[in-house]
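The primary structure of each chain is shown beneath.
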Amino acid sequence: MGAAPQQVSPDQRVADFRKIFSRAESEVARVIVGHREVVRKLLTALFCGGHILIEGVPGLGKTLMVKAASETLGLSFKRIQFTPDLMPSDIIGTQVLTESDGLREFQFKPGPIFAHMVLGDEINRATPKTQSAVLEAMEEHQVTVFGTTYLLDPPYIVLATQNPIELEGTYPLPEAQMDRFIFKVVMGSPKPDELREILNRTTGTAQNKIQPLFEPARAPQAIEDLKALVREVMVAEPLERYIISVIGGCTPGGPGAIPEVSQYLRFGPSPRGAQALILCAKVNALLAGRVSVSYDDIDDAIVPCLRHRLLLNFQAEAESVSSESILEQVIKRLKKPRT
Amino acid sequence: MLCAIAPALTAIALGVLLQPLGDLTWARYGYALAPDRAAALSLALIAAGLVVLAAGLVLAFRAYRRANDFVAAAAELDDLLECNQEIVTFATLANPSAPESSRARRTPLFPVLWRRSIALFGGLDVRREFRLEVGAPLRRSSILAGVVALAMILATMGLVRAPTPENREAAKLRAIAEEIAKTATSSDDTALADKIRAAADALENSKLPPEEKKARIEEAMKQAKKAAEKRDNSQSGKNQGNGKSNAQSGKGNGKSQGQGNSSGTGSGEGKAGTGSGQNAGGNNPGSGKGGTGNNSGKNEGGNGTAKNDKNDQNKGAPSNIQLQDELAKAEAQVETADAKNPGPDSKPGDDKNQGGANKPGDKPDQKSGSQLDPNKPGDIPKPGANGDRNLPNAGGNPKNNKDMGSNMGDTHLGEFPTSTNAQRFLKPGDKGAGVDIKDARYVMFRLPGAPTSGNGGKTVLDTDRPKATTAYVNAPLAPTSDDAPPDERQLVPPRYRDMIH
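Residues numbered from 1 in each chain as written. Chains lettered and ligands numbered in written order. Predicted model: local features only at pLDDT ≥ 70, side-chain atom pairs only at ≥ 80, totals over all residues.

Draft legend 1. The arrangement of the overall build of chain B in detail. Helix and strand content of chain B: 14 helices and 8 strands. When burial is assessed residue by residue, chain B has 27% of its 501 residues classed as buried. Once local pairs closer than 6 in sequence are excluded, the contacts in chain B between residues at least 24 apart make up 69%. (Helix = DSSP H or I, 4+ residues; strand = E, 2+ residues; numbered from the N terminus. Buried ≥ 20, exposed ≤ 12 C-beta atoms within 10 Å, placed from the backbone. Contact = placed C-beta atoms within 7 Å.)

Draft legend 2. Up close: the overall build of chain A. Of regular secondary structure, chain A possesses 14 helices and 11 strands. Looking at chain A as a whole, 42% of its 339 residues qualify as buried.

Draft legend 3. Expanded view of the nonpolar core. In this structure, Leu42, Ile52, Leu159 and Leu277 of chain A are the most contacted members of the largest nonpolar core, which totals 109 residues. Not counting residues up to four positions away in its chain, the partners in contact with Leu42 of chain A are Ile52, Met65, Ala69 and Leu159 of chain A. Core analysis: the next-biggest nonpolar cluster, separate from the first, contains 22 residues, Ile176, Ala193, Ala220 and Ala224 of chain B among them. (Core = buried A, V, L, I, M, F, W, Y, C linked by C-beta atoms within 7 Å.)

Draft legend 4. Inspection of the interface of chain A and chain B at higher detail. On the side of chain B, 18 residues touch chain A, which itself brings 18 residues to the contact. Elements supplying a minimum of two residues to the side of chain A that touches chain B: α1 (10-29), α9 (237-249) and α12 (295-306) of chain A. Partitioned by chemical class, the residues of the side of chain A that touches chain B number 9 nonpolar, 3 polar and 6 charged. (Nonpolar A, V, L, I, M, F, W, Y, C, P; charged D, E, K, R; others polar.)

Draft legend 5. Highlighting unusual backbone geometry. Residues and elements named next belong to chain A. The step from Pro154 to Pro155 runs through a cis peptide bond, and the omega angle for that step is -5°. The phi dihedral of His141 is positive, around 55°, even though this residue is not glycine. Residue placement: His141 occurs in the loop between α5 (128-140) and β6 (142-145). Look at Phe146: it is not a glycine, yet its phi comes out positive at around 50°. By secondary structure assignment, the location of Phe146 is in the loop between β6 and β7 (148-151).

Draft legend 6. Structural view of the pairing of strand β5 (residues 117-121) of chain A. Residue and element names in this part refer to chain A. Most of β5 is tucked away: 5 of the 5 residues are buried. Here β5 shows a buried face lined by Met117, Leu119 and Asp121 and a second buried face lined by Val118 and Gly120. Note: β5 against strand β8 (residues 157-162), 4 bridges, orientation parallel. Note on β8: the bridge partner recorded for Leu119 is Leu159. (Pairing = 2+ DSSP bridges.)

Draft legend 7. Spatial organisation of helix α9 (residues 165-182) of chain B. Its 18 residues give α9 of chain B an end-to-end C-alpha distance of 26 Å, which sits within 8% of 26 Å, the value for a rise of 1.5 Å per residue. Buried residues of α9 of chain B: Glu166, Arg168, Glu169, Ala170, Lys172, Leu173, Ile176, Ala177 and Ile180 of chain B, and no others. (Expected span 1.5 Å × (residues − 1).)

Draft legend 8. Structural context of the sheet that holds β8 of chain A. Residues and elements named next belong to chain A. One open sheet holds the 5 strands; their spatial order is β2-β5-β8-β1-β9, and the pairing between them is parallel. Single-partner strands in this sheet number two, and they are β2 (77-81) and β9 (183-186). Neighbour to neighbour, the strand axes of the sheet diverge by 20° on average, direction disregarded. Its contacts with the sheet put helix α3 (residues 62-73) on β1 (52-55), β2, β5 and β8, and the angle it makes with β5 is roughly 175°. (Axes fitted to C-alpha atoms, helices over the stretch in contact; angles between N-to-C directions.)

Draft legend 9. Seen up close, the pairing of β8 of chain A. Residue and element names in this part refer to chain A. In terms of residue burial, β8 counts as a mostly covered element, since 6 of its 6 residues are buried. Burial of the side chains of β8 extends over both faces: Ile157, Leu159 and Thr161 are buried on one face and Val158, Ala160 and Gln162 on the other. Pairing of β1 with β8, which is carried by 4 bridges, proceeds in the parallel orientation. Looking at the pairing, Glu55 lines up with Gln162 of β8.

Draft legend 10. Up close: α1 of chain A. With 20 residues, α1 of chain A should reach 28 Å at 1.5 Å per residue; the first-to-last C-alpha distance of 29 Å fits that figure. When we look at burial in α1 of chain A, the residues that qualify are Arg13, Val14, Phe17, Ile20, Phe21, Ala24, Glu27 and Val28 of chain A. Buried positions in α1 of chain A, seen along its axis, are confined to an arc of 165° and lie on one side of it. In α1 of chain A, the exposed positions that point more than 90 degrees away from the buried face belong to Gln12, Lys19, Ser22 and Ser26 of chain A. Residues of α1 of chain A that are buried sit in contact with α2 (36-48), α3, α8 (219-232) and α11 (271-287) of chain A together with α6 (110-122) of chain B. (Arc of directions from axis to C-beta.)

Draft legend 11. Spatial organisation of the environment of Met178 of chain A. Within the secondary structure, Met178 of chain A sits in helix α6 (residues 175-178). Residue contacts for Met178 of chain A: discarding those within four places in its chain leaves Leu173 and His308 of chain A.

Draft legend 12. Representation of the confidence of the model for chain A within the structure. Residues and elements named next belong to chain A. Residues at a pLDDT of 70 or more form 97% of chain A, whose mean pLDDT is 85. Here α6 is the element of chain A with the lowest mean pLDDT, 80, and α11 is the one with the highest, 92. The low-confidence segment residues 1-5 (pLDDT under 50) makes 11 contacts with residues lying over four places distant or belonging to another chain. (pLDDT = per-residue confidence, 0-100.)

Draft legend 13. Layout of the confidence of the model for chain B. All names here are of chain B. Of all residues in chain B, 49% attain a pLDDT of 70 or more, and the chain-wide mean is 64. Across residues 239-316, confidence stays below pLDDT 50; counting only partners more than four residues off in sequence or on other chains, it has 196 contacts. Note on residues 343-406: pLDDT is under 50 here. Beyond four places in sequence and across chains, it has 38 contacts. Interface confidence for the predicted complex, expressed as ipTM, amounts to 0.79; the pTM equals 0.55.

Draft legend 14. Geometry of the environment of Leu93 of chain B. One can find Leu93 of chain B in helix α4 (residues 86-94). When the 22 C-beta atoms within 10 Å are taken as the criterion, Leu93 of chain B is described as buried. Leaving out residues up to four positions away in the same chain, Leu93 of chain B has contacts with Met234 of chain A together with Ser102, Arg103, Arg105, Arg106 and Phe110 of chain B.

Draft legend 15. Up close: the packing of α9 of chain B against helix α10 (residues 187-204) of chain B. Residue and element names in this part refer to chain B. As a packed pair, α9 and α10 sit with axes 8 Å apart at the nearest point and diverge in direction by 165°. Here α9 is positioned roughly antiparallel relative to α10, judged by the angle of their axes. Pair α9 / α10 crosses with left-handed handedness. In contact with Glu166, Asn167, Glu169, Ala170, Leu173, Arg174, Ile176, Ala177, Ile180 and Ala181 of α9, α10 contributes Asp189, Thr190, Leu192, Ala193, Ile196, Arg197, Ala199, Ala200, Leu203 and Glu204. The class makeup of the residues in the contact of α9 with α10 is 12 nonpolar, 2 polar and 6 charged. (Parallel < 35°, antiparallel > 145°, perpendicular 65-115°, else oblique. Left-handed = near helix turned anticlockwise from the far one by under 90°.)

Draft legend 16. Representation of the environment of Gln221 of chain A in the model. Residue and element names in this part refer to chain A. Structurally, Gln221 can be placed in helix α8. The class of Gln221 is partly exposed, set by 14 C-beta atoms lying within 10 Å. When the C-alpha positions of Gln221 and Pro154 are compared, they lie 8.2 Å apart, and in sequence the two are 67 residues distant.

Structure below.
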């Protein structure tokens, strides 16, 4: 499992991917009750090489879920609690004066961002200055401190959470930063059965131990191989045109934009949205056992990939029109090209 | 394409068959289609059919082009097999006509895609999935074809109208012209057919003046006479040739029914027995009964039965008399129509030459004694005194206008003929009183020219026999009512009354 791609057949690689993904879901589910779709998106974002924004009220197990995923995959995990007084150096690290053998020198002390999986809890509570410090790390997988660039070890994924209720004293994420998240998933409250199961697991004496899928030493490489497999999944030209038409259809004034888009949106998705669509569709295809993307794979990825990239206008907010409803209209009305 | 075939063929067939349908309507019901409108409808139907056919061809071509598209065909298969665009992806990356760059997009997973596509194709039964189903599209298109046919029937019913007498006459003339053209043996016959057609066209053309119509009809009559004379001459020449009797049987009571011109050449040998035969051909339709003759022994050129070797040809051809009869009727129609619709020149008072009578003394050489003075009372025409001026008195009492049986001719004094649109003859389909000689206005017969025996036993045609030159009319007359005007009572000339009644 997780062997080098040169040594196994393509069919075996596809089968391994499905197996690892399925086992990872199962392992996380040992500590997280419900939220299977969120877990799936988390793993999908990991294999796509993207980052994920999780929106939900406190106490739903966001931190536990990320920690469980990192333990399952054998990846390093760090958590950053964003507060208004959090400084960028608190995240990326700083130069510290150290003395060794009578010689004093500045030594870089990495911040919590140096991990495979970074949880930015309540990211909207930090100031924009601090939030933007994460931008470079998210996009380029590197940080620069005092002119020195430090690479982040792959795989690297940032999982940010934000509380949609307590908006006082928060700093909503700027559009540029929102666009860097491949998904935005919403965690809802657990159902009664799930809540009962949560109580049973967390208030009793039973301990659910997670079985890691990879040894920590070779986990990063295994994950990187799986990420490479995702990128090998093929997409036909008609499907690429469909993705382009989806992006155009969601852009006000764009080609094929439906009336609701022009009426309720200020801005549409960027090309990064199209990239996210294809990557997510590829993972969906692999999970279905295919090596080529289908229209259903794309349709399943549209809402989680694009919902946070649509900028609603005042009219939409006044009429309580959500970006999800607009995207559903786009899916319904767009014609799937055949050639 | 299949959907377009039925409506298109229906429209074209109806367009082509419209004229025969019109003829059938004419023959069976006495109603005709307006020729110009029928022609326009026919053309429109044919054009519509062709347009539908062309549209079907265009759609079929587009469908063919679409089916010929590599990726589109793959999409079709993909939908059919429900394989989530795997075949489309495979076709995109394996398209032989695609540029090399598309092949460069193949990844290490392409063999997996290849194997999966081949496996999917294994479950494809092309004959079952792409079966040519003709029935369903034809059934669907038959609805449209039915609508086309219904619309055509309604349009035809709208175009049907009762024909005018001119139309009837023109139709008859055209039919005769067709028959002549079919059996034409010389250029004269063809010319005659053309003339008859021209006369028929002129008869129906309301824009032509009556004089022009008459001129066309007279041209046709002249051509008919000319053709008849030629035929007669050729017939006599042939019959005077060296014919041999072909009567081999002893007693021949053959009935040789010949219509038209007999141009048989009697060639045969009358062997023993009584050879018999008499050709009863001729220009008149009728039957000639072969007489019984005595022909003993070998009779070269004897009184054998002259075969009518053109019997078949002449059977369907109209006779010259019939033709002339129809032409005469056509001329009468023109005259009747002219009388009913006087032109602007014939309005009373328009003629400047009409007007006041010559006044006494206007002309120096004017004779005063023979002129009637309208102002002079008691100046009544006397029988015999002004026999050529027996004009009817328009204002007279009809009771006083009895023809007293004068021997001066058909004089209906006091009966001023008023031209009305009287239907003298029964229409096709009308049931009259039956053929009764009493109802006939004129009964004219023309005896066929019969061959006579000349010198030396040769059969020659009696060309000196008097021939009828006026067309006969023996169509049954329509019943007249007592309250009809005098001229509508079909008064029989006095000199014939004793003969008929």
